[in-house]
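The lines below spell out each chain.
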Amino acid sequence: VVDVVLFCDFFYAARTDDLNHALDYSRVHALVSEAMSAQSFNLIEAAAGHLCTVLLRNTEAEAVEVKVEKSTPPIPGFTGQAQVTLQRDRQWLQK
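Nothing here was measured: the structure is a model prediction, and the numbers come from that model.

(A) Layout of unusual backbone geometry. Positive phi values are uncommon outside glycine, yet aspartate 17 reaches one of about 55 degrees. On the basis of relative accessibility, which here comes to 72%, the residue aspartate 17 falls in the exposed class.

(B) Geometry of the sheet that holds strand β2 (residues 63-70). In space, the 3 strands of this open sheet follow the order β1-β2-β3, with antiparallel pairing throughout. This sheet does not close on itself; its edge strands, each paired only once, are β1 (2-7) and β3 (82-89). Each adjacent strand pair in this sheet contributes to an overall mean axis angle of 10 degrees, direction not counted. Contacts between helix α3 (residues 44-58) and the sheet are confined to β1, β2 and β3, with β2 contributing the most and set at about 150 degrees to the helix.

(C) Spatial organisation of the pattern of salt bridges. Across all of its chains, the model carries 1 salt bridge by this definition. A salt bridge links lysine 67 to aspartate 3; the nearest nitrogen and oxygen atoms lie 3.2 Å apart. Pair noted here: lysine 67 is in strand β2 and aspartate 3 is in strand β1, with a separation of 64 residues, a long-range link. For lysine 67, a relative accessible area of 22% translates into the label partly exposed. According to the relative accessible area criterion, aspartate 3 is partly exposed, its value standing at 37%.

Calculation criteria
- Residues numbered from 1 in each chain as written.
- Predicted model: local features only at pLDDT ≥ 70, side-chain atom pairs only at ≥ 80, totals over all residues.
- Heavy atoms only, no water.
- Buried < 20%, exposed > 50% of the residue type's maximum accessible area, 1.4 Å probe, protein only.
- Pairing = 2+ DSSP bridges.
- Helix = DSSP H or I, 4+ residues; strand = E, 2+ residues; numbered from the N terminus.
- Axes fitted to C-alpha atoms, helices over the stretch in contact; angles between N-to-C directions.
- Contact = heavy atoms within 4.5 Å.
- Salt bridge = Lys/Arg side-chain N within 4 Å of Asp/Glu carboxyl O.

So yeah, pure geometry; function would need other evidence.
Structure follows, in structure tokens:
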């Protein structure tokens, strides 16, 4: 499971209620789907980091928060979920 939060300046979208000023959520979905299917990850941390990079490079987001959850981690006797949440911004992308 992947959850994504994008931090953007939505001033004009909020003020005008005009779709042309909003984020293209179908594009965000496509970016996440393509990134997760194009590469295999051993670690949910690596998957989350990769998604942060993809989203910051390909959207107008000033910052992103990505949560990746593994519903059945290979841990003997463990019945819960494992998840990691990363928050990254454009400054991190330049490092």
